[in-house]
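Chain residues, written in single-letter form:
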Amino acid sequence: MDEANGEIYFALRDFRSDFASISCSGPDFVQWVFVNHAIKLLKSSIGLFQTVVQDRDHKFLTRAVEEAYKGVDCGDGGPFGAVVVRNDEVVVSCHNMVLKHTDPTAHAEVTAIREACKKLNQIELADCEIYASCEPCPMCFGAIHLSRIKRLVYGAKAEAAIAIGFDDFIADALRGTGFYQKASMEIKRADGKEAIIAEQVFEKTKAKFQMY
């Protein structure tokens, strides 16, 4: 039994125990029992929901990180990956294609959005989420915004890419501008293990990847 499910189990057990005393208690006690345990159950349910979301985010972000490694190993471009998800299913899984396509705009997120739009035959991805191995640059964030993607989850901070030679303007999309504040999408940066795995990509691939 995991922690979140355990909390719900014990909340229900305590409720049954207190409920057994209701028949010989006044209305104030009855109200207290229901309110108190409703709060406990709500907190436990929220904890379970957060655990489910975290596990789900970990799965798709790991896929984006795998794409980042794949792109470098194939010589297609820099160590960046992106995955577009709809209804808990991967629509497309892509990596940076700048070198392969000789196209400075073929970043992982832009490539993923292009491929997702083609696959779904639509220009708006309002029912989709995007998982990026690294904090998006201004161009990629603009593409995410214009595609109406509803949620962005990213792993490494821009500083991890800047440390191996990428332009420091990469951090400008989510910081220091009003664009981020105006965005209607949910934006989340991974923490803990997910963030560490994503940031390790740059250190582990810098010997393989030559800055263009």
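Residues numbered from 1 in each chain as written. Predicted model: local features only at pLDDT ≥ 70, side-chain atom pairs only at ≥ 80, totals over all residues. Heavy atoms only, no water.

As recorded by an unreviewed UniProt entry, the protein carries the name CMP/dCMP-type deaminase domain-containing protein and is attributed to Stephania yunnanensis. Database annotation for the protein, UniProt heading Sequence similarities (unreviewed entry): "Belongs to the cytidine and deoxycytidylate deaminase family." (UniProt positions renumbered as here; feature names shortened; annotations may be inferred.)

**Student:** With reference to specific residues and values, describe the overall build of the protein.
**Tutor:** Along the protein, the regular secondary structure elements total eight helices and five strands. In sequence order, the protein lays out its α and β elements as α-α-β-β-α-α-β-α-β-α-α-β-α. Put simply, of all contacts in the protein between residues at least 6 apart along the chain, 60% involve residues at least 24 apart. Summing over all exposed atoms, the protein offers an accessible surface of approximately 11600 Å²; the carbon and sulfur share of this is 56%. (Helix = DSSP H or I, 4+ residues; strand = E, 2+ residues; numbered from the N terminus. Contact = heavy atoms within 4.5 Å. Areas by Shrake-Rupley, 256 points an atom, 1.4 Å probe, with all protein chains shown as cover.)

**Student:** Before we move on, could you go through the sheet that holds strand β1 (residues 81-86) and cite the residues and values that matter?
**Tutor:** Pairing is mixed in the open sheet, where five strands are placed in the order β2-β1-β3-β4-β5. Looking along the sheet, the strands with just one partner apiece sit at the ends: β2 (89-95) and β5 (186-189). In this sheet, neighbouring strand axes are inclined to one another by 15° on average, regardless of whether the strands run parallel or antiparallel. The sheet contact formed by strand β4 (residues 151-156) and β5 spans four bridges and is parallel. (Pairing = 2+ DSSP bridges. Axes fitted to C-alpha atoms, helices over the stretch in contact; angles between N-to-C directions.)

**Student:** An account of the pattern of salt bridges is needed here, citing residue identities and associated values.
**Tutor:** Inspection of every chain in the model, using the stated rule, returns 13 salt bridges. A salt bridge links Arg56 to Asp88, with the shortest nitrogen-to-oxygen separation between them at 2.3 Å. Placement of Arg56 in helix α2 (residues 27-74) and of Asp88 in the loop between β1 and β2 is noted, with a sequence separation of 32 residues between them. Across the pair Lys188 and Asp57 runs a salt bridge whose closest N-O atoms are separated by 2.7 Å. Within this pair, whereas Lys188 is found in strand β5, its partner Asp57 is found in helix α2, the two being separated by 131 residues in sequence. (Salt bridge = Lys/Arg side-chain N within 4 Å of Asp/Glu carboxyl O.)

**Student:** Account for the pairing of β1, with residues named and values stated.
**Tutor:** β1 sits mainly inside the fold: five of its six residues count as buried. Two strands pair when backbone bridges link them, and β1 and β2 are joined in this way by six bridges, in the antiparallel orientation. Bridging from a neighbouring strand, Val85 pairs with Val90 of β2. Connecting β1 to the next strand, β2, in antiparallel fashion are two residues, including Asn87 with a positive phi near 55°. Summarising the sheet, β1 and strand β3 (residues 128-134) pair through five bridges and their orientation is antiparallel. The partner of Ala82 across the bridge, within β3, is Ala132. (Buried < 20%, exposed > 50% of the residue type's maximum accessible area, 1.4 Å probe, protein only.)

**Student:** I'd like a description of the environment of Glu89, backed by residues and values.
**Tutor:** For Glu89, the position within the fold is in strand β2. Accessibility expressed as a relative area gives 54% for Glu89, which makes it exposed. Put simply, Glu89 and Cys128 are 39 residues apart on the chain and 9.6 Å apart in space, counted from C-alpha to C-alpha.

**Student:** Quick rundown of the nonpolar core? Include the residues and the values.
**Tutor:** One recurring pattern in soluble globular proteins is that nonpolar side chains are buried together. Ranked by internal contacts, the top residues of the largest apolar core, which has 43 residues, are Phe80, Val84, Leu125, Ile130 and Leu152. Per element, the largest residue contribution to this core is seven residues, and it comes from helix α4 (residues 108-120). Apart from residues no more than four positions distant in its own chain, Phe80 is found in contact with Glu67, Ala68, His95, Asn96, Ala108, Ser133, Cys134, Ala161, Phe166, Ile170 and Phe202. With eight residues, the next largest nonpolar core counts Ala64, Val83, Tyr131 and Val153 among its residues. (Core = buried A, V, L, I, M, F, W, Y, C linked by side-chain atoms within 4.5 Å.)

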